[in-house]
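# Chain and residue survey
In case you want the letters, here they are:
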Amino acid sequence: MKLSVIGCGYLGAVHAAAMASIGHDVVGIDVDAEKVAQLSKGHPPFFEPGLEPLLTEAVASGRLRFSTDMADAEGSRVHFIGVGTPQRKDGSDAADLTYVDAAVAALIPHLSPGDLVAGKSTVPVGTAARLAELVRERGAHLAWNPEFLREGFAVKDTLEPDRLVYGVAADTSDDDVAVLDEVYAPAIATGTPRLVTDYATAELVKVAANAFLATKISFINAMAEIAEVTGADVTQLADAIGHDARIGRRFLNAGVGFGGGCLPKDIRAFSARAEELGRGDSVAFLRHVDEINLRRRQRLVDLVVDSFDGKPVGRRVAVLGLAFKPDSDDVRDSPALDIAVRLHGLGAEVISHDPEAIANARRLHPQLRYADTLEAAVADAEVVLVVTEWKAYRDLDPALLATMVARATVFDGRNCLDADAWRAAGWSYTGMGR
């Protein structure tokens with residue numbers, strides 16, 4: 001099937017490459033000429049495990065091409081909208097739909113009767129119904145097909161999704177479902193659950209899922225705050241309650257909290273939309289979720305400052321991790337980068353390292369010092385912070401690392417290290433809520 005993917009950022013580029021890899025004829029369209037040029041050479045503009053070989057093979061096969069010309073979308077049976085929905089810059093928490101609206105407006109002149117426009121962007125509830133009216137004027141249909149990608153697992157999540165959600169209009173549902181079933185035929189053939197809903201439900205699925213995950217993370221971080229003043233170990237607490245099938249152990253990892261381009265802005269936009277709908281009280285707890293999350297960053301900063309007797313100026317701190325999560329170079333709203341910036345602002349001599357995210361961090365914060373190697377970052381450090389749980393950091397040899405630092409003091413911002421092993425190697429070890 002011929003497909004177009006409008007917007008070739010993180011979501012769109014992965015989706016385009018994955019759809020081409022299963023046999024579809026795909027054109028990816030983006031307004032950024034440099035991005036299009038790089039993608040056309042098989043080079044993704046961001047780090048995502050497994051994407052580059054998938055992209056390279058798809059481009060070489062001729063099933064995937066990229067363009068800056070929206071006219072190249074003509075003739076496609078399905079047009080996926082995968083542009084970003086950042087927070088507005090007017091000081092509100094609401095989602096900025098400028099890019100979604102612009103993408104649909106630019107696409108409409110190139111639609112043919114019977115085409116299906118499938119939105120994948122995370123949007124406030126009510127957006128699809130509004131856009132559907134515009135699309136109908138061209139005799140085309142609109143569906144909302146939210147994405148559930150995890151950075152670091154995006155290729156797998158696209159090719160082997162844990163569920164497919166189709167938000168469709170009642171009068172065209174059978175036709176639209178059949179088309180989307182053809183698009184996702186390999187996943188459906190392997191038994192992937194497929195849910196057909198109305199527009200509003202499909203829009204709410206993504207933000208509700210993110211709100212639940214954010215709440216679960218902030219809940220265990222709130223428990224970490226209690227553990228810190230009672231002497232309890234939040235990791236053992238999480239293990240114990242995680243055995244309850246109603247709760248589960250996943251996402252019950254205390255630390256410096258969540259970040260990235262989705263969870264923080266999505267829960268804020270969800271709260272803002274609920275206020276617009278007159279139901280702000282229904283999700284008022286999300287404000288507390290956000291507050292707990294942000295508070296954990298400052299907690300780690302305070303612990304480091306306390307280790308210097310309140311005098312961090314000129315003290316050497318190695319920050320291991322800059323990306324908001326491992327297997328990604330994404331530093332958007334990254335707790336790790338934020339902590340490095342805060343310590344630098346207090347006068348500490350901060351040297352940061354990350355396997356993939358240094359270039360992106362440097363563009364945002366050129367005032368920080370960055371080390372190309374882990375060894376250079378920790379050399380003569382008085383404090384080592386592990387704030388992104390890269391495997392390379394989890395697997396560090398504490399005895400060897402102790403020979404490189406000036407003071408064997410480590411703060412485990414992700415509770416990802418073996419505390420007993422580090423203490424046995426002579427380190428002063430501090431976890432979050434342990």
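Predicted, not measured: the structure shown is a model, and the values here were computed from it. (Residues numbered from 1 in each chain as written. Predicted model: local features only at pLDDT ≥ 70, side-chain atom pairs only at ≥ 80, totals over all residues. Heavy atoms only, no water.)

### Here we look at the sheet that holds strand β10 (residues 349–353)
The criterion, for reference: At least two DSSP bridges between two strands are required for those strands to pair. Labels follow the DSSP assignment, with helices taken as runs of H or I lasting at least four residues and strands as runs of E lasting at least two, numbered in each case from the N terminus. Contacts are assigned to residue pairs with any non-hydrogen atoms lying within 4.5 Å of each other. Only the contacting stretch of a helix is used when fitting its axis, a line to C-alpha atoms as for every element, and angles between N-to-C directions run 0 to 180 degrees.
If you walk across this open sheet you meet the six strands as β11-β10-β9-β12-β13-β14, and the pairing is parallel. In this open sheet, the two strands that pair with only one neighbour each are β11 (369–370) and β14 (428–431). The sheet contacts of helix α13 (residues 335–345) involve β9 (316–320), β10, β11 and β12 (383–386), and relative to β10 the element is tilted by about 160°.

### Considerations on the nonpolar core
Put simply, the test is: In this description, a nonpolar core means a group of buried Ala, Val, Leu, Ile, Met, Phe, Trp, Tyr and Cys residues linked to one another through side-chain atoms lying within 4.5 Å. Each residue gets one of three labels from its accessible area relative to the maximum for its type: buried under 20%, exposed over 50%, partly exposed in between, using a 1.4 Å probe on protein chains only.
Among the nonpolar cores identified, the biggest contains 38 residues, and V26, L64, V78, F80 and Y184 are the most heavily contacted of them. Counting residues per element, this core draws most heavily on helix α1 (residues 10–21), which supplies nine residues. Apart from the residues lying within four places of it in its own chain, the contact partners of V78 are M1, K2, L3, S4, L116, A118, V179 and V183. Residues L300, V305, A357 and A361 belong to the second largest nonpolar core, which totals 30 residues.

### Side note on the environment of P86
Structurally, P86 is set in the loop between β4 (78–81) and α4 (98–107). The exposure class assigned to P86 is partly exposed, which follows from its relative accessible area of 34%. In this structure, the C-alpha to C-alpha distance between P86 and F153, residues 67 residues apart in sequence, is 22 Å.

### So, the environment of Q298
The topology assignment puts Q298 in helix α12 (residues 285–307). Once the C-alpha coordinates of Q298 and S282 are considered, the two residues, 16 residues apart in sequence, prove to be 28 Å apart.

### Considerations on the packing of aromatic side chains
Under the convention used in this document: A pair of aromatic rings is counted whenever rings of Phe, Tyr or Trp (Trp by its six-membered ring) have centres within 6.5 Å, and the orientation is called stacked for planes under 30 degrees apart, edge-to-face for over 60 and tilted otherwise. By definition here, charges over rings are those cases where NZ of Lys or CZ of Arg is within 6 Å of the ring centre and within 35 degrees of the ring normal.
Tallied over the full model, the rule gives four aromatic pairs. Seen from their ring centres, Y166 and Y184 are 6.4 Å apart, and the 20° between their planes marks the pair as stacked. Pair noted here: Y166 is in strand β7 (residues 164–167) and Y184 is in the loop between α7 (173–183) and α8 (185–189), with a separation of 18 residues, a long-range link. In terms of burial, Y166 and Y184 fall into one category: buried. Here the aromatic residues F80, Y166 and Y184 are joined through ring pairs into a cluster of three or more. In this structure, R150 is placed above the aromatic ring of F153, and the distance from its NZ or CZ to the ring centre is 4.5 Å.

### Focus: helix α2 (residues 33–40)
Definition in use: An arc is given here, and it is the one of the directions from the helix axis to the C-beta atoms. The definition of a polar contact used here is a pair of N or O atoms within 3.5 Å, where within protein one atom must be able to donate a hydrogen and the other to accept one, and adjacent residues in sequence count solely through side-chain atom pairs.
Of all the positions in α2, only K35, V36 and L39 are classed as buried. In a view along the axis of α2, the buried residues occupy a sector of 100°, so they form one face of it. Of the exposed residues in α2, the ones pointing more than 90 degrees away from its buried face are A33 and E34. Looking at where α2 begins, the residue whose side-chain oxygen comes 3.1 Å from the main-chain nitrogen of E34 is D32. Looking one or two residues beyond α2, the residue adopting positive phi is G42, at roughly 85°.

### Focus on the pairing of strand β2 (residues 25–29)
Selection criterion: Handedness of a crossover is defined as follows: with both strands directed away from the viewer, a clockwise route from the first strand across the helix to the second makes it right-handed.
Judged by how many residues are buried, β2 sits mostly within the fold: four of five residues are covered. With five bridges connecting them, strand β1 (residues 2–6) and β2 associate as parallel partners. Looking across to β2, one finds that V5 is bridged to G28. Tracing the backbone out of β1, into α1 and back to the parallel element β2 gives a crossover that is right-handed. In this structure, β2 lies alongside strand β3 (residues 64–67), joined through four bridges in parallel fashion. Looking at the pairing, I29 lines up with S67 of β3.

### Notes on empty space enclosed by the protein
Convention followed: Here a cavity denotes a set of grid points, spaced 1 Å apart and computed over the protein atoms alone, in which a 1.4 Å probe fits but from which it cannot get out, and a pocket denotes an open set meeting protein on both sides within 12 Å along at least five of seven lines; residues with an atom within 4 Å of a point are reported as lining. Grid points are joined across faces, edges and corners, and a volume is the space filled by probe spheres set on the points. Residues are sorted three ways: Asp, Glu, Lys and Arg are charged, Ala, Val, Leu, Ile, Met, Phe, Trp, Tyr, Cys and Pro are nonpolar, and all the rest, Gly among them, are polar.
With the rule as written, the count across this model stands at five cavities of 30 Å³ or more. Within this model, the largest cavity holds a volume of roughly 200 Å³. Forming the boundary of the largest cavity are 17 residues, of which K120, E147, F148, D157 and P161 lie nearest the centre. Every element with two or more residues in the lining of the largest cavity is listed here: α1, α6 (154–159) and β7. In terms of residue count, α1 provides more of the lining of the largest cavity than any other element does, three residues in total. Here the residues of the lining of the largest cavity sort into nine nonpolar, three polar and five charged. Every residue lining the second largest cavity is counted, 13 residues in all, and those nearest its centre are V123, P124, V207, A269 and F270. Counting residues per element, the ones that place at least two in the lining of the second largest cavity are α9 (199–230) and α11 (263–276). With five residues, α11 is the single largest residue contributor to the lining of the second largest cavity. Grouping the constituent residues of the lining of the second largest cavity by class yields eight nonpolar, two polar and three charged.

### A few points about unusual backbone geometry
Here the phi dihedral of F251 falls at roughly 70°; this positive angle occurs in a residue that is not glycine. Note that F251 resides in the loop between α10 (234–242) and α11. You can call F251 partly exposed: its relative accessible area is 31%. Positive phi, normally seen in glycine, also occurs at D309, with a value near 55°. By relative accessible area, which is 69% here, D309 ends up exposed.

### A closer look at the pattern of salt bridges
Using the following cut-off: Salt bridges are counted wherever a side-chain nitrogen of Lys or Arg sits within 4 Å of a carboxyl oxygen of Asp or Glu.
This structure, assessed with the given rule, holds 32 salt bridges. Among the ionic pairs, D239 bridges to R249, the shortest N-O distance being 2.8 Å. Here R249 lies in the loop between α10 and α11 and D239 lies in helix α10, a separation of 10 residues in the sequence. Classification of D239 as partly exposed rests on a relative accessible area of 37%.

### As for the state of the cysteines
In protein structure, a disulfide is the covalent linkage between the sulfur atoms of two cysteines. For clarity, the cut-off: When the sulfur atoms of two cysteines come within 2.5 Å, that pair is taken as a disulfide.
Scanning the model with the defined rule gives zero disulfides in all. C262 forms no disulfide, and the closest cysteine sulfur to it belongs to C8, at a distance of 17 Å. Overall, the relative accessible area of 28% leaves C262 in the partly exposed class.

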